[in-house]
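A structural walkthrough
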Amino acid sequence: MIGLYVALAALAAATALGVVWRRRNGVLRESPERKDGEVERLGETELGAALGARATLVQFSSAFCAPCRATRRVLTEVTGLVDGVAHIEIDAESHLDLVRRLNVLRTPTVFILNADGHIVRRGSGLPRKADIVAALGEAVA
């Protein structure tokens, strides 16, 4: 009988964790400030490419990440819709120092930067196109 209770408790815990993970997957949230109160800023030297005139979408990917390909398509579509927005994809394995600095825990992770390179939003998982466009509205404002 105790084994049944343990199995039910494990099933309930796994279900709860799955629900939390699913709710957070792809959600763009505000980027936290650093300890000194500043917002993290990324430049062309860290990213290896020019920032967009109005905003930049930075995607951290890995070679065997299926959601990364779908994220690339979504971000490419958005850059085609909104003028002055650039999309930069970074291989997480090749840029471990930046991955550690930005606390990238999984791929894909997307950062939305304003024209100055300050991180406005970030999210892990496959984002929805509407969420990206809404976050860009905040970045270019």
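Residues numbered from 1 in each chain as written. Predicted model: local features only at pLDDT ≥ 70, side-chain atom pairs only at ≥ 80, totals over all residues. Heavy atoms only, no water.

On to helix α3 (residues 66-81), then. Relative to the 22 Å expected for 16 residues at 1.5 Å per residue, α3 spans 24 Å between its end C-alpha atoms, a close match to the ideal helical length. Burial in α3 covers these residues: Cys68, Ala70, Thr71, Val74, Leu75 and Val78. Buried residues along α3 cover an arc of 160° about the axis, so they all sit on one side. In α3, those exposed residues whose orientation departs by more than 90 degrees from the buried face are Arg73 and Gly80. (Helix = DSSP H or I, 4+ residues; strand = E, 2+ residues; numbered from the N terminus. Expected span 1.5 Å × (residues − 1). Buried < 20%, exposed > 50% of the residue type's maximum accessible area, 1.4 Å probe, protein only. Arc of directions from axis to C-beta.)

Attention now moves to the state of the cysteines. In total, this model carries one disulfide according to the counting rule given. Here Cys65 is linked by a disulfide to Cys68, with a sulfur-sulfur distance of 2.2 Å. Taking the sign of the S-S torsion, about 85° here, the bridge from Cys65 to Cys68 comes out right-handed. Classification of Cys68 by relative accessible area gives buried; the value is 1%. (Disulfide = S-S within 2.5 Å.)

A few words on the pattern of salt bridges. Across all of its chains, the model carries five salt bridges by this definition. A salt bridge links Asp131 to Arg128, with the nearest nitrogen and oxygen atoms 3.0 Å apart. Residue classification places Arg128 among the exposed positions, given a relative accessible area of 54%. Via salt bridges that share partners, Glu40, Glu46 and Arg101 belong to a single interconnected network. (Salt bridge = Lys/Arg side-chain N within 4 Å of Asp/Glu carboxyl O.)

Right, let's talk about unusual backbone geometry for a bit. The amide bond that connects Thr107 to the next residue, Pro108, takes the cis arrangement and shows omega of -5°. Its location among the elements puts Pro108 in the loop between α4 (96-101) and β4 (109-114). Backbone geometry at Asn103 places phi at a positive 60°, although glycine is not the residue there. On the secondary structure map, Asn103 appears in the loop between α4 and β4. Judged by its relative accessible area of 47%, Asn103 falls in the partly exposed class.

With that out of the way, let us pick up the environment of Asp83. In this fold, Asp83 is placed in the loop between α3 and β3 (85-91). For Asp83, a relative accessible area of 61% translates into the label exposed.

The next thing to look at is the pairing of strand β2 (residues 55-61). In terms of burial, β2 is a largely internal element, seven of the seven residues being buried. Residues Ala55, Leu57, Gln59 and Ser61 point to one face of β2 and Thr56, Val58 and Phe60 to the other, with burial holding for every one of them. Regarding topology, α3 serves as the crossover connection from β2 to the parallel β3, and that connection is right-handed. With six bridges connecting them, β2 and β4 associate as antiparallel partners. Along β4, the bridge assignment pairs Phe60 with Thr109. (Right-handed = clockwise from strand over helix to strand, strands pointing away. Pairing = 2+ DSSP bridges.)

Shape is all these values report; function is a separate question.
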